[in-house]
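Structural overview
So the chains spell out like this:
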There are 2 protein chains.
Amino acid sequence: MNFLNSSRRRSESAVDRVADALRTGLMTRRFAPGQRLIEADLTEEFQVSRGTLRQAFSRLESDGLIDIVPNRGAIVRQMSQRDVLELFQIRSELEGLAARLAASRMSDPAVKARFKADIAAIWEEQPRVDGGRYLDENSGFHQAILVAADNQQLASICGQFHLHMIMGQVGRALGGEAMARSVEEHRHIADAILECDPDRADRLMREHLLRALQLSQA
Amino acid sequence: MNFLNSSRRRSESAVDRVADALRTGLMTRRFAPGQRLIEADLTEEFQVSRGTLRQAFSRLESDGLIDIVPNRGAIVRQMSQRDVLELFQIRSELEGLAARLAASRMSDPAVKARFKADIAAIWEEQPRVDGGRYLDENSGFHQAILVAADNQQLASICGQFHLHMIMGQVGRALGGEAMARSVEEHRHIADAILECDPDRADRLMREHLLRALQLSQA
DNA sequence: CTAGCAAAATTGTTCGACAATACTGTTCGA
DNA sequence: TCGAACAGTATTGTCGAACAATTTTGCTAG
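Remember, it's a predicted structure, so these values are computed and weren't measured experimentally.

Secondary structure summary: chain A contains 9 helices and 3 strands in total. Going residue by residue from the N terminus, the α and β elements of chain A occur as α-β-α-α-β-β-α-α-α-α-α-α. Within chain A, buried positions represent 47% of all 218 residues. Sequence separation of 24 or more characterises 72% of the internal contacts of chain A that already satisfy a separation of 6 or more. Looking at chain A as shown, the accessible area adds up to about 10400 Å², and 50% of this sits on carbon and sulfur atoms.

Laying chain B over chain A is done by rotating through 180° and shifting 0.0 Å along the axis; what remains is an RMSD of 0.1 Å. Such values leave the two copies arranged in the relation of a two-fold axis. Take the interface residues of chain B: 79% of them recur as interface residues in chain A, which is what a same-surface contact looks like.

For the rest of this paragraph, the subject is the sheet that holds strand S3 (residues 73–76) of chain A. Strand pairing in a sheet relies on backbone hydrogen bonds, with the paired strands running either antiparallel or parallel. Residue and element names in this part refer to chain A. Taken together, the 3 strands give an open sheet; going across it, the order is S1-S3-S2, and neighbouring strands pair in antiparallel fashion. Since the sheet does not close on itself, it has two edges, and those belong to strand S1 (36–37) and strand S2 (66–69), each with one partner. Of the strand pairs in this sheet, S1 and S3 are connected by 2 bridges, and their pairing is antiparallel. Looking at S3, one finds that Leu37 is bridged to Ala74.

This brings us to the interface of chain B and chain A. Between chain B and chain A, the contact holds 33 residues from the first and 33 residues from the second. Summing the contributions of chain B and of chain A, the shared interface buries around 3100 Å²; its carbon and sulfur component is 49%. On the surface where chain B and chain A come into contact, there are 8 salt bridges. Between Glu93(B) and Arg206(A) there is a salt bridge whose closest N-O contact spans 3.6 Å. On the surface where chain B and chain A come into contact, there are 12 residue pairs in polar contact (both at pLDDT 80 or more). Elements that contribute at least two residues to the side of chain B that touches chain A include exactly helix H3 (50–62), helix H4 (81–104) and helix H7 (152–167) of chain B. For the side of chain B that touches chain A, the element with the most residues is H4(B), which contributes 11 residues. Residue composition of the side of chain B that touches chain A, grouped by class: 11 nonpolar, 10 polar and 12 charged.

Ala14(A), Ser49(A), Thr52(A), Arg72(A) and Arg54(B) are the nearest of the 22 residues found near DNA strand C. Those atoms of DNA strand C that come within 4 Å of the protein belong to sugar or phosphate at a rate of 72%. At 2.5 Å, a side-chain N or O of Thr52(A) approaches a phosphate oxygen of DNA strand C. The contact in question runs from a phosphate oxygen of DNA strand C to an N or O atom on the side chain of Arg72(A), over 2.6 Å. Counting only elements with at least two residues in the surface near DNA strand C, the list comes to helix H1 (14–27) and helix H3 (50–62) of chain A together with strand S1 (36–37) and H3 of chain B.

The next subject is the protein's contact with DNA strand D. Around DNA strand D lies a shell of 22 residues, among which Arg54(A), Ala14(B), Ser49(B), Thr52(B) and Arg72(B) are the nearest. When atoms of DNA strand D within 4 Å of the protein are sorted by moiety, sugar and phosphate together comprise 75%. In the environment of DNA strand D, a phosphate oxygen lies 3.3 Å from a nitrogen or oxygen atom belonging to the backbone of Glu39(A). Residue Ser49(B) places a main-chain N or O atom 2.8 Å away from a phosphate oxygen belonging to DNA strand D. Every element with two or more residues in the surface near DNA strand D is listed here: S1 and H3 of chain A together with helix H1 (14–27) and H3 of chain B. Tallied by class, the residues present in the surface near DNA strand D amount to 7 nonpolar, 7 polar and 8 charged.

Residue and element names in this part refer to chain B. In spatial order, the strands read S1-S3-S2; together these 3 strands make up an open sheet with antiparallel pairing. Here the strands that pair on one side only, and so sit at the sheet edges, are S1 and strand S2 (66–69). Inspection of the sheet shows S2 paired to strand S3 (residues 73–76) by 4 bridges, in the antiparallel sense. For Val69, the partnering residue across the bridge sits in S3 and is Gly73.

Rules behind the numbers
Residues numbered from 1 in each chain as written. Chains lettered and ligands numbered in written order. Predicted model: local features only at pLDDT ≥ 70, side-chain atom pairs only at ≥ 80, totals over all residues. Heavy atoms only, no water. Helix = DSSP H or I, 4+ residues; strand = E, 2+ residues; numbered from the N terminus. Buried < 20%, exposed > 50% of the residue type's maximum accessible area, 1.4 Å probe, protein only. Contact = heavy atoms within 4.5 Å. Areas by Shrake-Rupley, 256 points an atom, 1.4 Å probe, with all protein chains shown as cover. Least-squares fit on C-alpha atoms with pLDDT ≥ 70 in both. Pairing = 2+ DSSP bridges. Buried area = accessible area lost by both parts, 1.4 Å probe. Salt bridge = Lys/Arg side-chain N within 4 Å of Asp/Glu carboxyl O. Polar contact = N/O pair within 3.5 Å; in protein donor to acceptor, adjacent residues only side chain to side chain. Nonpolar A, V, L, I, M, F, W, Y, C, P; charged D, E, K, R; others polar. Near = heavy atom within 4 Å.

The following block contains the structure:
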């Protein structure tokens, strides 16, 4: 999954490295919700000082991935059903906006070409049997829309939401027919965007996410 | 960005205190955009260790208020015209959603009563001459809607945006007639919400924010 | 006046220390 | 036996000093 691997930049600070590692651990469920993250253990594992580790904690806390409770330290955040619901409402708005913006930028041929290239994968015929590959495709699709929308703040915020969604295990355990349906919806959304139809793109995107919510609640 | 952390910790840790102080300093323009925040100066001023200060920095960075550049430290973020525009687009979506949610909850008499009480100030007759008081009223109005909307994640994220907006000096230097117009719009939005008309509330809120954007760009 | 170099400032990170608070297991009295 | 007081341990919150790496500044020579 491409959102898990961290490109090792030379100038990556220790704080960045640790924060990324923790994020990965959180997403892969190595650290379970509710679990306490003991500083002594992690400084040992990552070979960093407590100060560095605590900076990383601060960052993850601001990202909403963990809670820091006074005198009890860092605790892996648990998302309630309600949290998931609230986040989905918000995400629908933002991704709807992204779809609308993307659609309205398709009059620019360069943007359109780039978008087409980015979403090429969704037109492939063979059925999605591999869950991991489907997730990559899904991730890539939404990412491509954000790129086309050309709103960096929006991209940044939606990136965060993506993390949360994965954290909440939404979209795991999708059945084959659910994936097929999702792929189908992606294509319809892509059509609307490519045809410069902001309203339709927006509406389809919202419906798409609503469906995903229903699947996850089932 | 801190979407999920809505629960305020009541114990005032040193990190919290410093982060709050820095936030205030940022908003009041005591620290100007582009300015470097020198650790030695601030540890001296706040009487905390570098570790504590750096934790606060980490938090502000995740909130998007400062940038941390390797080997150059914390730098007050400058918002470009484009950033402001992008944020406004996003804020319109989210506050529109909030207005819609709030309107749809007005069937609950308790919620309605609470909302009415919260926004009592906007019905006052005397003209808004004092910019500070207007800003408070404006802030209270949007806050009341978020409370009524009953979506904690949304409230949290919108709170962040508020910071950014102030950082971007949007909504400063409003003329008297602009304030009067804004108050007028607030009343129309409140009407729509109280009448349980989600679509109208949403639309009016978006128009309201769009107008604010135009004013700020002028 | 500029290039280049040395000195000073500043950051990134570590380590060890200490008090404050939370957790745990044990003992003691009813 | 049960539960409450207690003491010991674990863990966190914060500090201060230290050091290398990097950036910035100031000075000098050309």
